[in-house]
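Chains, contacts and geometry: an overview
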Amino acid sequence: MAVIEVTNLNLTYRVLMNRTGSIKELFKETIKGRTRITNYVALADVSFTVNKGEVVAILGRNGAGKSTLLKVLAGVLPPTKGASKVNGAIAPMIELGAGFHPEMTGTENVIFYSALLGRDVKRVKARAAEIGEWAGVSDHMGFPLRTFSSGMVARLAFSTATDEQADVLLVDEVLSVGDADFQGKSGARMDSLINSGAAVVLVSHDMVSVRKLAHRAIWLENGQVKMIGPAAAVVDAYEAG
Amino acid sequence: MLTSFVLWVVFSYVFASRLPSGQQFAPYLMAGILFNTFFNQGLLLSAESISSNGAVLTKIYVPPQIFAISAALAGLVNFFIGMIPLTIVVYISGQTLAWTMPIVLVIGICLALLVSGLGLALSIMFIRFDDTRNIVNVLLMILMYLTPVFYPISVMSPRIQAIIRWNPLTSYLEIYRWAVSNNASPHLRDWIFMFSTSLFSIWLGTTVFKKYWPRTVAML
């Protein structure tokens, strides 16, 4: 069953010609009759599906549209044309710790972050201590987040984001969280999420982990799909060209 | 609170004698300031909330309207808390609370609708243009002088009074002062102004926001 269906997806950014977008500038440009907005095509005619329990990697150079594609899947950016349909709960790990607030304590952040993800706050409250323990920061859960080291923040964020079973995980270069010990632990948790049926869309420049984790890969170039197929084959082609 | 005190000392010499008999300047001024704070700060916070939370909105899908509306609700809570010092001032100045007090709830909700509607519409501008804030600040200042926040309407010339009466905020404020301690005399038209502008504002805000948000989100 397809969990993610993307059909003829197009996304165009409107880019301002001058650096600043101000009403003053708008006024000046309107009087002079110049257009100040150009369209930048970030994604053109992208179509693919992702099935239950499948890991799909998105490859491509910087600026190829990988992160844009993830944001469309997360529902953050509305597509200009075409459609992207995701059936089920999404756990976006586009940037770990987005929505974390430095002045709130660890526990408060876990609850707030889960609320942003649309989870049941009551259930999370009960699980907060466990989430902290899994991240290995239970001693610090009562302190403001600014006293955490960056590794601790990332671990807590990972622990929170993966605490509940999601149908779709959107991952942007966050596989290398924490020390070697925690990496093993987080890898195991990802595996168990995948085994219980979660689909994963993953953006990475690390070809070794793509080969290891992904079943299929999509190669994006200038917003277009250049190649789509079994991970190993696409990675070979990508590394060759 | 301190600002209220300074304004009270300064303006009570100038305006106190111009109020109709039975009305007191201290609660008149304090109600004006509470009202003005809710409107100004609520509007700015609400308009800014979406651009300042852009980092979250581009990573996790959250209905963006929540931020603008919650900023307006925070202003509403402050407005209600402000009723406590206002009540004290009412009694110190020798007035009593009117039985119409509970109407403040309705006024607060109407104001919150007005603020969140305008805030939503402005939030799009705040994301697109960096200098919106400066312009809005100037407009808010003009609007404050066109609202009888710290002067009685009667001190103005009849022509200016007519302009001030057309400002919907005047209607909100008149009803508010009347509801708290009978410190003003609103007309039917003030009630119509209040309800129609608050409903129109929330309709306008949500419609404008829905229309422009898809094109604006990428600019965050």
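See the structure printed just above.
Described below are features of the structure shown in this document. Throughout this description, residue numbers start from 1 for each chain and increase along the sequence as written. Here the convention is simple: chains get letters from A, ligands get numbers from 1, in the order in which they are written. Local features in this predicted model are restricted to residues whose pLDDT is 70 or higher, and side-chain atom pairs enter the listing and the counts only when it is 80 or higher, whereas totals over whole chains, interfaces and linings include all residues. The basis for the side-chain values is all heavy atoms of the structure; hydrogens and waters are excluded.

1. Focus on the overall build of chain A
For chain A, the helix and strand inventory stands at 8 helices and 9 strands. Taken over the C-alpha atoms alone, chain A extends approximately 60 × 50 × 30 Å along its principal axes. The buried label goes to any residue with under 20% of its type's maximum accessible area, the exposed label to any with over 50%, and the partly exposed label to all in between, with areas taken from a 1.4 Å probe on protein chains only. In chain A, which comprises 241 residues, the proportion classed as buried is 47%. Contacts between residues were defined by any pair of non-hydrogen atoms, one from each residue, lying within 4.5 Å. Taking the intrachain contacts of chain A between residues at least 6 apart in sequence as the baseline, contacts between residues at least 24 apart amount to 73%. A 1.4 Å probe and the Shrake-Rupley method give the accessible areas. Residues count as covered only by the protein chains that appear here. Total accessible area on chain A is roughly 11600 Å²; 53% of this is exposed by carbon and sulfur atoms. We score Asp and Glu as negative and Lys and Arg as positive, and we do not count His or the chain ends. Positions of charges follow a simple convention, taking NZ of Lys, CZ of Arg, CG of Asp or CD of Glu. If you average the places of the 26 positive and of the 24 negative side-chain charges in chain A, the two averages end up 9 Å apart. Labels follow the DSSP assignment, with helices taken as runs of H or I lasting at least four residues and strands as runs of E lasting at least two, numbered in each case from the N terminus.

2. A few points about the interface of chain A and chain B
Taken together, the contact pairs 23 residues of chain A with 20 residues of chain B. Counting each side, the surface lost to burial between chain A and chain B is near 1800 Å², with a carbon and sulfur contribution of 71%. For salt bridges, the criterion is a side-chain nitrogen of Lys or Arg within 4 Å of an Asp or Glu carboxyl oxygen. Inspection of the region where chain A meets chain B yields 0 salt bridges. We define a polar contact as two N or O atoms separated by no more than 3.5 Å, with the added condition that, inside protein, one atom must be a possible hydrogen donor and the other a possible acceptor, whereas residues neighbouring each other in sequence contribute only through side-chain atom pairs. The interface formed by chain A and chain B includes 0 residue pairs in polar contact (both at pLDDT 80 or more). Contributions of two or more residues to the side of chain A that touches chain B are made by strand E1 (2–16), helix H1 (23–32), helix H2 (66–74) and helix H3 (106–116) of chain A. Here the residues of the side of chain A that touches chain B are counted per class, giving 13 nonpolar, 5 polar and 5 charged. When two parts are put together, the accessible area they lose, computed with a 1.4 Å probe and summed over both, is reported as buried area. Any residue outside Ala, Val, Leu, Ile, Met, Phe, Trp, Tyr, Cys, Pro, Asp, Glu, Lys and Arg is labelled polar, Gly included; the first ten of those are nonpolar and the last four are charged.

3. Some points on the packing of helix H2 (residues 25–52) of chain B against helix H6 (residues 103–128) of chain B
Residue and element names in this part refer to chain B. Axes here refer to lines fitted to C-alpha atoms; in helices the fit is confined to the stretch in contact. Angles between the N-to-C directions go from 0 to 180 degrees. Contact geometry for H2 and H6: axes closest at 7 Å, N-to-C directions at 40 degrees. The orientation of H2 relative to H6 falls into the category oblique. Once H2 is placed against H6, the crossing between them reads as right-handed. Of the residues that constitute the contact of H2 with H6, the class distribution is 16 nonpolar, 7 polar and 1 charged. Our angle categories are set so that under 35 degrees counts as roughly parallel, over 145 as roughly antiparallel, 65 to 115 as roughly perpendicular, and the remainder as oblique. Left-handed describes a crossing whose near helix is turned anticlockwise from the far helix by less than a right angle; the clockwise case is right-handed.

4. Comments concerning helix H5 (residues 150–161) of chain A
Residues and elements named next belong to chain A. By definition here, a helix of n residues has an expected span of 1.5 Å times n minus one. End to end, H5 covers 16 Å across 12 residues, agreeing with the expected 16 Å (1.5 Å per residue, within 8%). Of all 12 residues making up H5, 9 are buried, and the element is well covered by its neighbours. Turning to H5, its buried residues number three or more, namely Met 152, Val 153, Arg 155, Leu 156, Ala 157, Phe 158, Ser 159, Thr 160 and Ala 161. Where H5 is buried, its residues meet strand E5 (90–93), H3, helix H4 (121–135) and helix H6 (180–195).

5. Description of unusual backbone geometry
We note that A:Asn8 has phi near 40 degrees; this positive angle belongs to a residue other than glycine. Mapped onto the secondary structure, A:Asn8 falls in strand E1. By relative accessible area, A:Asn8 is classed as partly exposed at 44%. At B:Asn182, a position not held by glycine, the phi torsion is positive, near 60 degrees. Here B:Asn182 lies in the loop between helix H9 (168–181) and helix H10 (188–216).

6. Focus: the pattern of salt bridges
Residues and elements named next belong to chain A. Summed over the entire model, instances satisfying the criterion amount to 12 salt bridges over all chains. With a shortest N-O distance of 2.8 Å, Arg 216 and Glu 54 are connected by a salt bridge. Placement of Arg 216 in strand E8 (residues 216–221) and of Glu 54 in the loop between strand E2 (37–51) and strand E3 (55–59) is noted, with a sequence separation of 162 residues between them. The shortest N-O distance in the salt bridge between Glu 103 and Arg 146 comes to 3.0 Å. Residue Glu 103 is found in the loop between E5 and H3, and its partner Arg 146 is found in the loop between H4 and H5; the two are separated by 43 residues along the sequence. The exposure class of Arg 146 is exposed, given its relative accessible area of 53%. Through salt bridges that share partners, Arg 61, Glu 221 and Lys 226 make up one connected network.

7. Focus: the packing of H6(B) against H9(B)
All names here are of chain B. Two elements in contact, H6 and H9, have axes whose closest approach is 9 Å; the angle formed by their N-to-C orientations is 160 degrees. Put simply, H6 runs roughly antiparallel to H9. In this structure, the crossing between H6 and H9 has a hand that is left-handed. Along the contact surface, H6 presents Ile 103, Val 104, Ile 107, Cys 110, Leu 111 and Leu 114, while H9 presents Leu 169, Tyr 172, Ile 175, Tyr 176, Trp 178, Ala 179 and Val 180. Along the lines of polarity and charge, the residues of the contact of H6 with H9 split into 13 nonpolar, no polar and no charged.

8. Quick notes on the nonpolar core
Among buried residues, those of type Ala, Val, Leu, Ile, Met, Phe, Trp, Tyr and Cys that are joined through side-chain atoms within 4.5 Å constitute a nonpolar core. Among the nonpolar cores identified, the biggest contains 88 residues, and A:Leu59, A:Leu156 and B:Ile50 are the most heavily contacted of them. The contacts of A:Leu59, once residues within four sequence positions are left out, are A:Lys66, A:Ser204, A:Met207, A:Val210, A:Ala217, A:Ile218, A:Trp219, A:Leu220, A:Val234, A:Val235 and A:Tyr238. Among the nonpolar cores identified, the runner-up in size contains 48 residues, and B:Ile33, B:Phe39, B:Val136 and B:Val149 belong to it.

9. Structural notes on the pairing of E3(A)
All names here are of chain A. For E3, a buried count of 5 out of 5 residues is recorded, marking the element as mostly surrounded by other parts of the structure. Burial along E3 is two-sided: the face carrying Val 55, Ala 57 and Leu 59 and the face carrying Val 56 and Ile 58 are both buried. Note that E3 and E8 share 4 bridges and pair parallel. Bridging from a neighbouring strand, Val 56 pairs with Arg 216 of E8. DSSP bridges decide pairing: two strands pair if at least two such bridges lie between them.

10. Some remarks on the pairing of strand E9 (residues 224–230) of chain A
Residue and element names in this part refer to chain A. Across 6 bridges, E8 lies against E9 in antiparallel orientation. From the neighbouring strand, Glu 221 faces E9, where its bridge partner is Gln 224. In this structure, the hairpin formed by E8 and E9 is closed by a connection of 2 residues, where Asn 222 is found at a positive phi of approximately 50 degrees.

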